[in-house]
Amino acid sequence: MHYDSPELEPFEFHGSAKEWFGIWIVNLFLTIITVGIYSA
């Protein structure tokens, strides 16, 4: 059987800046609370 290699597509974010900053702030908060463990 022959499989074609998947084509890589560029990263796209389909959402608002408010959603993106909300996710970023939560990640930053969790990183601070867990003293860097969460960021890994």
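Reference entry: report on the structure contained in this document. (Residues numbered from 1 in each chain as written. Predicted model: local features only at pLDDT ≥ 70, side-chain atom pairs only at ≥ 80, totals over all residues. Heavy atoms only, no water.)

**Some points on the overall build of the protein chain**
Then step 1. From N to C terminus, the protein chain includes one helix and zero strands.
Then step 2. Scored against the burial criterion, the 40 residues of the protein chain give a buried share of 0%.
Then step 3. Accessible surface for the protein chain amounts to roughly 4,300 Å². Of this, 67% is attributable to carbon and sulfur atoms. (Helix = DSSP H or I, 4+ residues; strand = E, 2+ residues; numbered from the N terminus. Buried < 20%, exposed > 50% of the residue type's maximum accessible area, 1.4 Å probe, protein only. Areas by Shrake-Rupley, 256 points an atom, 1.4 Å probe, with all protein chains shown as cover.)

**Brief notes about the packing of aromatic side chains**
Then step 1. Within this structure, the stated rule accounts for one aromatic pair.
Then step 2. Here Trp-20 and Phe-21 contribute two aromatic rings whose centre-to-centre distance is 5.1 Å and whose plane-to-plane angle is 85 degrees, an arrangement assigned as edge-to-face. (Phe/Tyr/Trp six-rings, centres within 6.5 Å; stacked < 30°, edge-to-face > 60°.)

**Notes on a nonpolar patch on the surface**
Then step 1. A grouping of Phe-11, Phe-13, Trp-20, Phe-21, Ile-23, Trp-24, Ile-25, Leu-28, Phe-29, Ile-32 and Ile-33 is seen on the molecular surface, where their side chains present a nonpolar patch of about 1,200 Å² in accessible area.
Then step 2. With respect to the secondary-structure elements, Phe-11 resides in the segment before α1 (17-33). (Patch = residues over 30% accessible without salt bridge, like charges linked within 9 Å, V, L, I, M, F, W, Y side chains within 5 Å. Salt bridge = Lys/Arg side-chain N within 4 Å of Asp/Glu carboxyl O.)

It is worth stressing that arrangement in space is one thing and function is another; only the former is reported here.
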